[in-house]
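# Observations on chain architecture
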Amino acid sequence: MSASSTDLIHHPYTPPAGFAAPQPGVFKASTVFFPSVAAMRHFDWKDKSAYTYGLHGTPTTYTLEERLCTLEGGAQCLLVPSGLAAIATVALALLQSGDEVLIPDNAYGPSKALAEGELAHWGISHRFYDPLAPQDLAAKISPRTRLIWLEAAGSVTLEFPDLLEQVRICKAAGILCALDNTWGAGLAFTPFDLQPGASPALAVDISVHALTKYPSGGGDVLMGSIITTDERLHMKLKLCHMRLGLGVAANDAEAVLRGLPSLPLRYRSHDEATRALARWSLTRPEFAQVLHPALPTSPGHDHWRALCQNTPGGAAGLFSVIFKPDYSQAQVDTFCDALKLFKIGYSWGGPVSLVVPYELAGMRQGWPAHLQPGTLVRFSIGLEAVADLQADLAQALQCLA
Ligand SMILES: *Cc1c(COP(=O)(O)O)cnc(C)c1O
């Protein structure tokens, strides 16, 4: 007699326990079985002591959450489908109509667009502050301010803020501060212990990380995390996360789990190559300014040095150049198109080097005084050989001669 579907579904075999291998298993589920109705009623999805539904966690996502807490020095972690979703979840969980959020003027662009395009609909206002002037942040705090975003270094222009002073200002005003920690990745500095030895610790309240970048490391996964150290704050975020139905796919969690062991090595490698290319760019006559926090000429360099200089791998693999104003936008586009190893595309953190020209004028409240006029190009340095990348930049610059 041939096997029935029942036999194939309700099969008696269970593999032996005790399987151990370098990578944790990949558990996939929407439905999770309970041993009894009593157990179903009793299980609490909130505390990670058991399983209730795929969306609320599996062994795979719990494992990734715990490892990310270790990476960033936090206590609780939520996983969301992208870095931007992490930023949006923080806003939705913590802000209501009538509240105001403060955002650095050099923040990740879509974070500003979220405030302008969505939060505004719900009666939540926003103001942009100067990331290099803590007194401007202090002055923009009002009785309606409920959340302050921090970012170090800033997207695209890579100014490094006085993060310690910014956090002190938030604490003194009693306002929650959330850091977009994608650049630091938990490696360049420790967001929940910014001043080692200080008691109580000088810490951000929330660290958001686009795992899409270095933790994934492949350019093939989208994911974000929200990390906290305060249980009550975490629960507020977690309830919002659950009600919105946010979760991540098991295979994506597996990909990030696979990337994490090599993260510190990759980060350091990206960092070294990027510093070498940024230093070389300083020697090129085509550029009016080279932006990388480890360069003494880069805005906020002293703040970077105070916080990150002594960490092995103290900076991410990003640097930007501003072409001298005699180069037209069309010429700069030609330069980008002429690159062969550098691909034209958004995001960063993978093995392939990337280039994007930005129109800075439309991205900021005004042209920042610390930036030279001209067209800005951002490079994300991958894992190719530095000499090959330098030769590629040189041959593309040659096309401008
Ligand atoms: C890429 C990035 C994000 C968003 O991540 P996605 O996963 O692409 O949504 C947020 N913040 C910073 C600083 C980023 O670089």
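Residues numbered from 1 in each chain as written. Predicted model: local features only at pLDDT ≥ 70, side-chain atom pairs only at ≥ 80, totals over all residues. Heavy atoms only, no water.

### Overview of the packing of helix α3 (residues 59-72) against helix α9 (residues 250-259)
Here is the rule we go by: Axis definition: a line fitted to C-alpha atoms, over the contacting stretch in the case of helices. Angles run 0 to 180 degrees between N-to-C directions. Segments assigned H or I by DSSP are reported as helices when at least four residues long, segments assigned E as strands when at least two residues long, and all are numbered from the N terminus. For a crossing to be left-handed, the near helix must be turned anticlockwise from the far one by less than a right angle; the clockwise case is right-handed. Two residues qualify as a contact provided that any one of their heavy atoms is within 4.5 Å of a heavy atom in the partner residue. Lys, Arg, Asp and Glu make up the charged group, whereas Ala, Val, Leu, Ile, Met, Phe, Trp, Tyr, Cys and Pro make up the nonpolar group; the residues left over, Gly among them, are polar.
Here α3 crosses α9 at 35°, and the two axes come no closer than 9 Å. For the pair α3 and α9, the crossing hand works out as left-handed. Mapping the contact onto sequence places T60, T61, T63, L64 and R67 in α3 and A250, A253, E254, V256 and L257 in α9. Across the contact of α3 with α9, the residue classes tally to five nonpolar, three polar and two charged.

### Some remarks on the site of the ligand
Here is the rule we go by: Nearness is defined per residue: one heavy atom within 4 Å of the molecule or strand is enough. Whenever two N or O atoms come within 3.5 Å, that pair is a polar contact, provided that in protein one can donate a hydrogen and the other can accept it, and provided that, for residues adjacent in sequence, both atoms are side-chain atoms. The protein chains shown are the only cover counted for residues, whose accessible areas, like all others here, come from Shrake-Rupley with a 1.4 Å probe.
Lining the immediate surroundings of the ligand are 14 residues, of which G83, L84, D180, T212 and K213 lie closest. In this structure, G83 approaches the ligand through a main-chain N or O atom, which is 2.7 Å from an oxygen atom. One of the side-chain nitrogen or oxygen atoms of W348 is found 3.4 Å away from an oxygen atom of the ligand. Within the complex, 90% of the 380 Å² of free accessible area of the ligand lies under protein. A total of three residues in the shell around the ligand trace back to one element, the largest contributor, which is helix α4 (residues 83-94). Its residues placed into classes, the shell around the ligand shows six nonpolar, five polar and three charged.

### Points about the sheet that holds strand β3 (residues 125-129)
Test applied: For two strands to pair, DSSP has to find at least two bridges joining them.
One open sheet accounts for seven strands, arranged β1-β7-β6-β5-β4-β2-β3; its pairing is mixed. Each edge of the sheet is formed by a strand with only one pairing partner; in this case those strands are β1 (76-80) and β3. Ignoring which end each strand starts from, the neighbouring axes of this sheet average 20° apart. Summarising the sheet, strand β5 (residues 176-180) and strand β6 (residues 206-210) pair through three bridges and their orientation is parallel. For D180, the partnering residue across the bridge sits in β6 and is V208. The sheet contacts of α3 involve β1, β6 and β7 (224-228), and relative to β1 the element is tilted by about 120°. Strand contacts of helix α8 (residues 231-244): β1, β5, β6 and β7, with the helix running at about 20° to β1, the strand carrying the most contacts.

### A word on the domain arrangement of the protein
For clarity, the threshold we go by: The split into domains, and so the bounds of each, comes from an automatic or database assignment of domains. A quick way to say it: buried area is the sum, across both parts, of accessible area lost when two parts are put together, with a 1.4 Å probe.
Each assigned domain of the protein is listed here: domain 1 (37-261) and domain 2 (263-400). Taken over C-alpha atoms, the centre of domain 1 sits 26 Å from the centre of domain 2. In this assembly, 35 residues from domain 1 lie in contact with 36 residues from domain 2. Summing the contributions of domain 1 and of domain 2, the shared interface buries around 3,000 Å²; its carbon and sulfur component is 65%. When the area that domain 1 buries against domain 2 is broken down by residue, the three leading residues are V156, W183 and Y214, summing to 27%. Summed over the shared surface of domain 1 and domain 2, the number is 15 residue pairs in polar contact (both at pLDDT 80 or more). Class assignment for the residues of the side of domain 1 that touches domain 2 results in 20 nonpolar, ten polar and five charged.

### Quick look at the side chain of S380
Relative to the helices and strands, S380 is located in strand β12 (residues 376-380). If near-sequence neighbours (up to four positions away) are discounted, S380 is found in contact with G317, L318, F342, S347, W348, G349, V352, S353 and L354.

### Overview of the sheet that holds strand β8 (residues 287-291)
As summarised here, the arrangement of the five strands in space is β8-β9-β12-β11-β10, forming an open sheet in which the pairing is mixed. Looking at the sheet topology across the chains shown, the edges are occupied by β8 and β10 (343-344). Lying over the sheet, helix α10 (residues 263-282) contacts β8 and β9 (318-323), oriented at roughly 15° with respect to β9. Across the face of the sheet, helix α12 (residues 329-338) comes into contact with β9, β10, β11 (354-358) and β12 while running at roughly 15° to β12.

### Details of α12
Counted only if it meets this: Burial classes follow relative accessibility: with a 1.4 Å probe on protein chains only, a residue under 20% of its type's maximum area counts as buried, one over 50% as exposed, and anything between as partly exposed. Starting at the helix axis, one direction is taken to each C-beta atom, and the arc is that of these directions.
For α12, the full list of buried residues reads V332, F335, C336 and A338. Buried positions in α12, seen along its axis, are confined to an arc of 165° and lie on one side of it. Looking at α12, the residues exposed on the side facing more than 90 degrees away from the buried face are A330 and D337. Tucked into the core, α12 has its buried residues touching β9, β10, β11, β12 and α13 (386-398).

### Some details on the environment of L147
Of note, L147 is situated in strand β4 (residues 145-151). Along the sequence, L147 and H370 sit 223 residues apart, while their C-alpha atoms lie 27 Å from each other. Sequence-distant contacts of L147, that is, excluding residues within four places in its chain, are made with V90, L94, L95, E100, V101, L102, I175, L176 and A178.

### A short note on unusual backbone geometry
Residue A153 is bonded to the preceding A152 through a cis peptide linkage, with omega at -5°. By the element assignment, A153 lies in the loop between β4 and α7 (163-173). The backbone phi angle of A185 is positive, close to 55°, even though this residue is not glycine. Following the sequence through the fold, A185 ends up in the loop between β5 and β6.

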